[in-house]
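Examining the three-dimensional arrangement
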Amino acid sequence: MKNVPLFALAAAGALSAFPASAADADLKALREEIAQMKNAYEQRINALERRLVQAESTSTQAKAAADKATTQTARAGEGKASAFNPEIGLVLQGQAKRMQDVPERVVSGYWPSGHDHGGDRRGVSLEHSELMFSANIDPSFRGVARFAVTGAGEVEVEEASVSTLGLGNGFSVRGGRFASDIGYQNAQHPHEWDFADATLMQKVLFGNEGYRQDGVQVKWLAPTPFMLQFGAELGRGANFPGTDRNKNGSGAGAIFVKTGGDVGAANAWQAGLSFLSTRAADRAAHFEDTGGVEAESFFSGKSRTAIADFVWKWAPNGNASERSLKLQGEVFRRTEKGTWRCDDADAASPTTCTGGAALGDLATRQSGGYASAVFQFMPKWRVGYRHDWLARGSKAFDDATVFGLLDAGNHYFADFKPRRDSVMLDWSNSEFSRLRLQYARDRAMMGVTDNQVTLQYIMSLGAHGAHKF
Amino acid sequence: MRILFMLLVVLALPAQAALNVFSTVPEWAALAQEIGGERVRAVSATTALQDPHHVDARPSLIARARNADLLLATGAELEIGWLPVVLRESGNPRIQAGQPGYFEAAGFVRMLEVPGRLDRAEGDVHADGNPHIQTDPRHFLAIGEALAARLALVDPANADAYRSGYAAFAERWRARIRQWEAQAAPLKGVAVVSQHKAWVYLYDWLGMREVATLEPKPGVEPSVAHLAKVRDQVASSKPRMVIRAAYNSARPAEWLSAETRLPIVVLPFTVGGTPPAKDLATLFDDTVARLLLPLK
C-alpha cells in the first residue's frame, strides 16, 4: 500500500515531463486524472497525519497502538506446521562408580526384584539416556512418551500415556503406561532424584526403576483450601512384585491419598498414604540347594504394599535461589502370602529340587524406609544425607520342608538388617545441568560393608517439563 | 471420617460470591483487584521476595488452582517451570491454556529482547522475549483493558462493573504516569548496572541505559570473574547506580558497590517488594523515588 502512491507519483512526474507531441486533449485528460489522484492522496495523507497527531497526543496511547501492531505481526509468524511438533527433551546421564566386586549382589532377607539399567555397575558407565516427547493432543487430551535407552543399546518404554486436560470438578484420568503415583519418589524419574541411586526401599519393593503401571489412573482433587487428592489405579500388574498372569481384567490395583499445604511463606509440605495390591504367579529367584547348586524358586500368591510418605521444603521467604532445605522420608510395609516351589535352574545340573518340589506356604511381612535431608547452602551447591534401613521382618514357612531342599545359608533367610548411609554434594550450573559426588557406606548385604564412591552427571537438553513438588 | 467432616465444613461455608482469581505473580492480582474491586478475590501464587523463575509446584498452589475461575499469568515462559504441573494437577477445565479462564499478560504488550537465536548457551532466554513486562507502568493500560474484557467474559453478570472499573483505573493511571514521567525526567540517559535483566521495560520507559549486568548471562548466578569484568567496565561507562530486585541475592551488588562506590538501589520489582510498595500505584511511586535518590 505504501508503494502504490510512490509509484503513482513517480509515474505522474514522468508524464508531466513528456514532450508535447501527444494530442492536447489526451494530455488534458491525463493531467486532470493525475490532479484528481494527487488530490485524493493528499486528502488521505492529511487524514493519516491527523490520526498520527491524535495518536501521539499522549505517549501511552501511541505505545498501545504500536504494541498492538507488533503483537499482531508476531502472532501471525507462528503459523508454521512445525510449531505443532511435540516438545522434545533428552536427559543424558552417566557415572563413574567405585565399589567392591560382589558376585551376586543382593539385599539380604529380601526377594530379589531384578531389573535395573546398570546403576550397580563398577567403573565408568552410561546410565540410561531418557528421551521425552510431550504435547497437547487436542483441547481435551495430552500425551507423554518417555524412552530409556541403556548403555547396552536397549530401548525401553518408560512412559507412554494419555491424560485428560481438566475433566472438571477436580477429576483427571490418565491411561497407558506411567509411573504409579504410590509413595513420593516412585513417580520421580532418576534425573529428579537427590541421590545417585535408588533408595533401598524402592530397590526391594519394585526394583531400581520404580513401579510402573500399564493401566488407568483416576485422580480427584477435593475442593478444599489445602491440597487433598484421592487416586486409584488399575493395571496389568506385570511388574515386580507381581508377574504377568495372562488374564483378562486387572492384575494390580492401587489407591492413594495425598495432602499438603504451606506453613507461612517459607514452608511447604506434602504427605501421602498409598496401598498397592497385586498377585504373582511363579515369580522366580535364584537360590542354592542344600548341596550348593543353583536352583530356582517360584512364589505364587498375593502381595500387598502400604507406603507412607512425607516431604517438607523450606526456603527463606520461599525463595529457594540462595538457600533451601528439603526433608523427605518414606516408610513401607509389605505382606505377601502364598505358596512356593523350587526347581532346577539348569537342567544339566541336577539339584535337590530336580523334577520340581513344593516348598509349602510362604507368608512374609517386611518393612523399612529411608529419610533424607538436602540442604542448598549457596546458589548452585547442595549437600545431602540419606539413611536407608530395612527391617528383618517375619517369614513363616515350614522349616523342615524348605531347609530339606534349600540351603539355610541363602541370603533370603539371613537374620540381618540391611542399612545404608549416603552423603552427596552436587553442583548445578543451571537447572539443566548437574554434577554429583556421592559417598555411601552400603551394608545391604550380609557380610559386605561396601564403601562406594560415585561421580555422576545429569544433563538435560531441549524442552524440559516442569517437575512435581 | 475426619476428612469427611472437614469436607462437610468446607462445603457448608457460604457460597463465595466473589470471582476467584489466581495470579502467578502479585502484579496481576493487584491489577485484577483494581479493576474488579470487591467483585473479585485475587490471590498470588508468589510473593515479591520469591524469584518468579524458580517456584515449586507446591500443593497449596494446586489446591488454589482447583477452585479458580480465572488464572492470570505473565506468559512468555516465565512460569514454565511450575505452572504446567499445577494446571494439569488442578483438574480444573476453566483455567486450562486456551480457555477463557486462562489469561496471559504478555500477549498484550510489545515484547523486548526477543532473541534472534534460541540457544541455552545464552542462559535463561525466553523465546517470546523478556518476560518482566510489569516494570513499565504503561503496560498496565493495555493489559488492564484486555483483563477487563476477560473478566466480563468469565463473569458476564458484572461485565459493566469491570468495564467501568477499568475506565476509572485507566484515568487515574494516566494521570499517575504523567506524574511519574515528570518526576523521573532527570533519569533520562542515565547509565546503570543491573543484577538481572529484569528492567528492560523500565529503562525503555524512562530512557535509561543499561551498561552492564551482574549476571554473566540471564539467570546465571554472578561469578567472581564476571564481577571483576563489570568493575573494570564501570570505570569507562560511568554508571550512576547498581540496581537489583528485592528478591535478588544482595551479595553481588554489595561486592560491586564496595569495589566501585556505586550506590545500590533495591527496587520492589512488584507489589510487596518493599514496605511502601503496597499496591500498583505505590509500587511505581517507590520505584521512581528510589531511582532518583542516587542522583541527588
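One numbering rule holds for all chains: residues counted from 1, following each sequence as written. As a convention, the first chain written is A and the first ligand written is 1, with the rest following in written order. Given that the model is predicted, a residue must reach a pLDDT of at least 70 before its local features are reported, and side-chain atom pairs must reach 80 or more before they are shown or counted; all residues, however, enter totals for whole chains, interfaces and linings. Hydrogens and waters are ignored; side-chain quantities use all the structure's heavy atoms.

**Here's the deal with the overall build of chain B**
A tally of helices and strands in chain B yields ten helices and eight strands. Considering chain B as a whole, with its 296 residues, one finds that 56% of them fall into the buried category. Pairs of residues are marked as contacts when any of their non-hydrogen atoms sit within 4.5 Å. Looking at chain B alone, contacts between residues at least 24 apart form 64% of all its contacts between residues at least 6 apart. Residue burial considers only the protein chains on display, and all accessible areas are found by Shrake-Rupley using a 1.4 Å probe. Just so you have it, chain B exposes about 12,300 Å², and 56% of that area is on carbon and sulfur atoms. Helix and strand definitions here come from DSSP, where helices need a minimum of 4 consecutive H or I residues and strands a minimum of 2 consecutive E residues; each element is numbered from the N-terminal end. Burial classes: relative accessible area under 20% of the type maximum marks a residue as buried, over 50% as exposed, and values in between as partly exposed (1.4 Å probe, protein chains only).

**Digging into the overall build of chain A**
Looking only at helices and strands, chain A features five helices and 18 strands. Looking at chain A as a whole, 43% of its 469 residues qualify as buried. Of the contacts made within chain A by residues no fewer than 6 positions apart, 64% connect residues no fewer than 24 positions apart. Total accessible area on chain A is roughly 23,000 Å²; 59% of this is exposed by carbon and sulfur atoms.

**Focus on the environment of Gln134(B)**
Residue and element names in this part refer to chain B. Following the sequence through the fold, Gln 134 ends up in the loop between strand E4 (102-104) and helix H5 (139-154). For Gln 134, a relative accessible area of 3% puts it in the buried group. Residues Gln 134 and Leu 280, spaced 146 residues apart in sequence, show a C-alpha to C-alpha distance of 9.8 Å. If near-sequence neighbours (up to four positions away) are discounted, Gln 134 is found in contact with Glu 27, Trp 28, Phe 140, Phe 269, Thr 270 and Phe 284. Within the structure, Gln 134 has its side chain in polar contact with the backbone oxygen of Phe 269 (distance 3.0 Å). Polar contact is defined as a pair of N or O atoms within 3.5 Å, subject to the rule that within protein one atom must be able to donate a hydrogen and the other to accept it, and that residues adjacent in sequence are counted only when both atoms are side-chain atoms.

**Looking at the confidence of the model for chain A**
All names here are of chain A. By definition, pLDDT measures how confident the predictor is in each residue, and it falls between 0 and 100. Overall, the prediction assigns chain A a mean pLDDT of 87, with 87% of residues at 70 or greater. Mean pLDDT in chain A bottoms out at helix H1 (residues 3-16), which sits at 44, and peaks at strand E14 (residues 381-390), which reaches 98. Counted against residues more than four places away or in other chains, residues 69-78, with its pLDDT under 50, gives five contacts.

**Some points on the packing of aromatic side chains**
Residue and element names in this part refer to chain A. Geometry of aromatic contacts follows a simple scheme: Phe, Tyr and Trp rings, the Trp one being its six-membered ring, pair when their centres are within 6.5 Å, and the pair is stacked under 30 degrees between planes, edge-to-face over 60, tilted otherwise. According to the stated counting rule, one finds 32 aromatic pairs over all chains in the structure shown. Between Phe 397 and Phe 403, the ring centres sit 5.8 Å apart and the planes meet at 85°, which makes this aromatic pair edge-to-face. For Phe 397, a relative accessible area of 18% corresponds to the buried category. Only lysine NZ and arginine CZ atoms are considered, and such an atom sits over a ring when it is within 6 Å of the ring centre and within 35 degrees of the ring normal. For Lys 258, the ring lying beneath its charged end belongs to Phe 256, and the centroid distance is 5.2 Å. One Lys or Arg, Lys 395, reaches over the ring of Tyr 412 and ends 4.8 Å from the middle of that ring.

**A few points about unusual backbone geometry**
Looking along the chain, the bond that leaves Phe240(A) and enters Pro241(A) is cis, with omega of 10°. Checked against the element boundaries, Pro241(A) lands in the loop between strand E8 (227-235) and strand E9 (252-263). A positive phi angle is found at Glu77(B), which is not glycine, with a value near 70°. Tracing the chain through its elements places Glu77(B) in the loop between strand E3 (70-73) and helix H4 (83-90). Phi is positive for Glu113(B), which is not a glycine, with a value near 55°. With respect to the helices and strands, the residue Glu113(B) is situated in the loop between E4 and H5.

**Re the side chain of Asp450(A)**
The residue Asp450(A) is located in strand E18 (residues 450-462) in this model. A distance of 3.1 Å separates the side chain of Asp450(A) from the side chain of Gln452(A), its partner in a polar contact.

**Let's talk about the state of the cysteines**
Structurally, a disulfide amounts to a covalent bond that connects the sulfur atoms of two cysteines. Residue and element names in this part refer to chain A. Our working definition of a disulfide is a cysteine sulfur pair at a distance within 2.5 Å. Summed over all chains, the structure comprises one disulfide over all chains. The disulfide partner of Cys 342 is Cys 353, and the gap between their sulfur atoms is 1.9 Å. Here the S-S torsion is close to -90°, and the disulfide linking Cys 342 with Cys 353 is therefore left-handed. Residue Cys 342 is found in strand E12 (residues 324-344), and its partner Cys 353 is found in the loop between E12 and strand E13 (357-378); the two are separated by eleven residues along the sequence.

**Side note on the interface of chain B and chain A**
With 49 residues of chain B at the interface, the matching set in chain A holds 52 residues. In terms of surface lost to chain A, no three residues of chain B exceed Pro59(B), Arg66(B) and Arg120(B), which account for 15% of the buried area on that side. Basic side-chain nitrogens of Lys or Arg form a salt bridge, by our definition, when they fall within 4 Å of a carboxyl oxygen of Asp or Glu. Inspection of the chain B/chain A interface yields five salt bridges. Two residues, Glu322(A) and Arg251(B), come together in a salt bridge whose shortest N-O distance is 3.3 Å. Put simply, chain B and chain A have 15 residue pairs in polar contact (both at pLDDT 80 or more) between them. Of all the elements in the fold, those that place two or more residues in the side of chain B that touches chain A are helix H1 (2-12), helix H3 (59-66), H4, H5 and helix H6 (159-183) of chain B. In short, buried area is how much 1.4 Å probe accessible area vanishes from two parts on joining, totalled over both.

**Notes on the sheet that holds strand E6 (residues 209-213) of chain B**
All names here are of chain B. Think of it this way: DSSP has to see at least two bridges between two strands before they count as a pair. What the four strands build is an open sheet, ordered E6-E5-E7-E8; its pairing is parallel. Pairing within the sheet leaves two strands with one partner each, and these edge strands are E6 and strand E8 (264-267). Averaged over all adjacent pairs, the angle separating strand axes in this sheet is 35°, with direction ignored. Every angle, taken between N-to-C directions, lies between 0 and 180 degrees, and every axis is a line fitted to C-alpha atoms, over only the stretch in contact when it is a helix. Its contacts with the sheet place helix H10 (residues 280-292) against strand E7 (241-245) and E8, and it is angled at close to 180° to E8.

**A closer look at the sheet that holds E3(B)**
Residue and element names in this part refer to chain B. One open sheet holds the four strands; their spatial order is E2-E1-E3-E4, and the pairing between them is parallel. Looking at strand neighbours, the two that pair on one side only are strand E2 (40-44) and E4, the edges of this open sheet. Between one strand axis and the next, the sheet turns by 20° as a mean value, whatever way the strands run. Bridge count between E3 and E4: three bridges; the pairing is parallel.

**Things to note about a positive patch on the surface**
Residue and element names in this part refer to chain A. Like charges are joined within 9 Å and nonpolar side chains (Val, Leu, Ile, Met, Phe, Trp, Tyr) within 5 Å, but only among residues with over 30% relative accessible area and no salt bridge; these make up the patches. Charge assignment: positive for Lys and Arg, negative for Asp and Glu; neither His nor the chain ends contribute. Charge placement uses NZ in Lys and CZ in Arg. For Asp and Glu, CG and CD serve respectively. Together, Lys 247, Arg 279, Lys 302, Arg 304 and Lys 337 make up a positively charged patch on the protein surface. Inspection of the secondary structure puts Lys 247 in the loop between E8 and E9. Classification of Lys 247 by relative accessible area gives partly exposed; the value is 43%.

**Structural notes on the packing of H5(B) against H6(B)**
Residue and element names in this part refer to chain B. The geometry of H5 relative to H6 is characterised by a closest axis approach of 8 Å and an angle of 170° between their N-to-C directions. Here H6 runs roughly antiparallel to H5, going by the angle between their axes. Across from Phe 140, Leu 141, Gly 144, Glu 145, Ala 148, Leu 151 and Ala 152 in H5, the residues of H6 making contact are Ala 159, Tyr 162, Arg 163, Tyr 166, Phe 169, Ala 170, Trp 173, Arg 174 and Ile 177. Any residue outside Ala, Val, Leu, Ile, Met, Phe, Trp, Tyr, Cys, Pro, Asp, Glu, Lys and Arg is labelled polar, Gly included; the first ten of those are nonpolar and the last four are charged. Here the contact of H5 with H6 is composed, by residue class, of twelve nonpolar, one polar and three charged. Note on terminology: angles under 35 degrees are roughly parallel, angles over 145 are roughly antiparallel, angles of 65 to 115 are roughly perpendicular, and the others are oblique.

**Structural notes on a nonpolar patch on the surface**
Residues and elements named next belong to chain A. A cluster of nonpolar residues, Phe 375, Phe 377, Met 378, Trp 381, Val 383, Tyr 385, Val 423, Leu 425, Leu 437, Tyr 439, Val 453 and Leu 455, forms a patch on the protein surface that exposes about 960 Å² of accessible area. Of all the secondary structure elements, the ones that give two or more residues to the nonpolar patch are E13, E14, strand E16 (419-430), strand E17 (433-443) and E18. Looking at where Met 378 falls in the secondary structure, it is placed in strand E13.

**Considerations on the side chain of Asn248(B)**
Its place among the elements puts Asn248(B) in the loop between E7 and helix H9 (251-260). Leaving out residues up to four positions away in the same chain, Asn248(B) has contacts with Gln195(B) and His196(B).

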